[in-house]
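This is what each chain is made of:
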Amino acid sequence: LGVTCAIVSPHDAPRVKLDRIKSFGAKLHLSEAPEGTNREVAASGMAKSISDEFGMTLLHPFEDIDVVHGQGTVGVELLEQAKEMLQTNESQLESIVVPCGGGGLTAGVNLSVESMVSKP
């Protein structure tokens with residue numbers, strides 16, 4: 001697409017994740033959180049500074065409703081796959097475990113699952 005992409009990640013993110021980011025051609029910036037500061041908050045602050053400095057569009061990982069809705073598709077896909085599996089077995093889906101960094105994925109999955117599952 002010819003779009004310049006800069007990714008800001010906490011410095012202690014898994015090496016495989018950082019290598020993968022670089023393999024796609026993005027400019028990788030590593031942030032370090034000062035004592036007492038959440039590592040994702042520090043990274044998002046650095047991302048905001050970079051986007052301001054270079055006139056780039058910021059796609060915030062957990063404080064952007066469109067991003068959270070996009071991440072919610074994980075919950076939709078999970079329920080669709082679970083439905084297929086549960087129809088062939090006599091079991092139930094009792095819980096969903098979602099990893100949490102900044103909270104965007106967790107929020108998106110929660111919103112989508114909640115909207116798809118009927119309440120008692």
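Above: the structure in question.
As a starting point, this report considers the structure included with it. The numbers attached to residues start from 1 for each chain and follow its sequence in the written order. Given that this is a predicted model, residues contribute local features only at a pLDDT of at least 70 and side-chain atom pairs are listed and counted only at 80 or more, while totals for whole chains, interfaces and linings are drawn from all residues. The side-chain quantities take in all heavy atoms of the structure and omit both hydrogens and water.

**A closer look at the overall build of the chain**
Right, so step 1: Per the convention used, a helix needs a DSSP run of H or I reaching at least four residues, while a strand needs a run of E reaching at least two, with both numbered from the N terminus. The number of helices and strands found in the chain is 5 helices and 2 strands.
Right, so step 2: Ordered by position from the N terminus, the helices and strands of the chain form the series β-α-β-α-α-α-α.
Right, so step 3: Projecting the C-alpha coordinates of the chain onto the three principal axes gives extents of approximately 55 × 35 × 25 Å.
Right, so step 4: The buried share of the chain, taken over its 120 residues, is 24%.
Right, so step 5: Residue contacts follow a heavy-atom distance rule, with two residues in contact if any of their heavy atoms lie within 4.5 Å. Across the chain, the fraction of contacts at a sequence separation of at least 24, relative to all contacts at a separation of at least 6, is 38%.
Right, so step 6: Only the protein chains shown count as covering a residue, and every accessible area follows the Shrake-Rupley method with a 1.4 Å probe. Entry remark: accessible area of the chain is about 8900 Å², with carbon and sulfur atoms responsible for 55%. Each residue gets one of three labels from its accessible area relative to the maximum for its type: buried under 20%, exposed over 50%, partly exposed in between, using a 1.4 Å probe on protein chains only.

**Focus: helix 5 (residues 104-116)**
Right, so step 1: Look at helix 5: 18 Å from first C-alpha to last across 13 residues, which is about the 18 Å you get at 1.5 Å a residue.
Right, so step 2: Along helix 5, the residues that are buried comprise Gly104, Gly108, Val109, Ser112 and Val113. Considered in projection along helix 5, the buried side chains sweep an arc of 150° and stay on one side of the axis.
Right, so step 3: Where helix 5 is buried, its residues touch helix 3 (65-71) and helix 4 (73-88). Working rule for helices: expected span equals 1.5 Å times residues minus one. By construction, the arc corresponds to the directions joining the helix axis to the C-beta atoms.

**A look at the side chain of Ser44**
Right, so step 1: Relative to the helices and strands, Ser44 resides in helix 2 (residues 39-54).
Right, so step 2: The exposure class assigned to Ser44 is buried, which follows from its relative accessible area of 11%.
Right, so step 3: N or O atoms within 3.5 Å of each other form a polar contact, as long as, within protein, one can give a hydrogen and the other can take it, and as long as residues adjacent in sequence are counted only when both atoms are side-chain atoms. A polar atom in the side chain of Ser44 sits 2.9 Å from the backbone oxygen of Val41.

**Notes on the pairing of strand 2 (residues 27-31)**
Right, so step 1: When DSSP finds at least two bridges between two strands, those strands are taken to pair. Of the strand pairs in this sheet, strand 1 (residues 6-10) and strand 2 are connected by 5 bridges, and their pairing is parallel. Note that in strand 2 the partner of Pro10 across the bridge is Ser31.
Right, so step 2: Handedness of the crossover joining strand 1 and strand 2 through helix 1 (residues 15-23) is recorded here as right-handed. Seen with its strands pointing away from the viewer, a crossover is right-handed if its path from the first strand over the helix to the second goes clockwise.

**Considering the nonpolar core**
Right, so step 1: In plain words, nonpolar cores are sets of buried Ala, Val, Leu, Ile, Met, Phe, Trp, Tyr and Cys residues tied together by side-chain atoms within 4.5 Å. Ala13, Leu18, Ile21, Ala26 and Leu28 together form the largest nonpolar core, which totals 5 residues.
Right, so step 2: Sequence-distant contacts of Ala26, defined by excluding residues within four places in its chain, comprise Cys5, Ile7 and Ile21.

**Things to note about a nonpolar patch on the surface**
Right, so step 1: Each patch is built from residues that are more than 30% exposed by relative accessible area and take part in no salt bridge. Like charges join if they lie within 9 Å; nonpolar side chains (Val, Leu, Ile, Met, Phe, Trp, Tyr) join within 5 Å. For salt bridges, the criterion is a side-chain nitrogen of Lys or Arg within 4 Å of an Asp or Glu carboxyl oxygen. Side chains of Leu78, Leu93 and Ile96 sit close together on the surface and give an oily, nonpolar patch of about 200 Å² of accessible area.
Right, so step 2: Among the structural elements, Ile96 can be located in the loop between helix 4 and helix 5.

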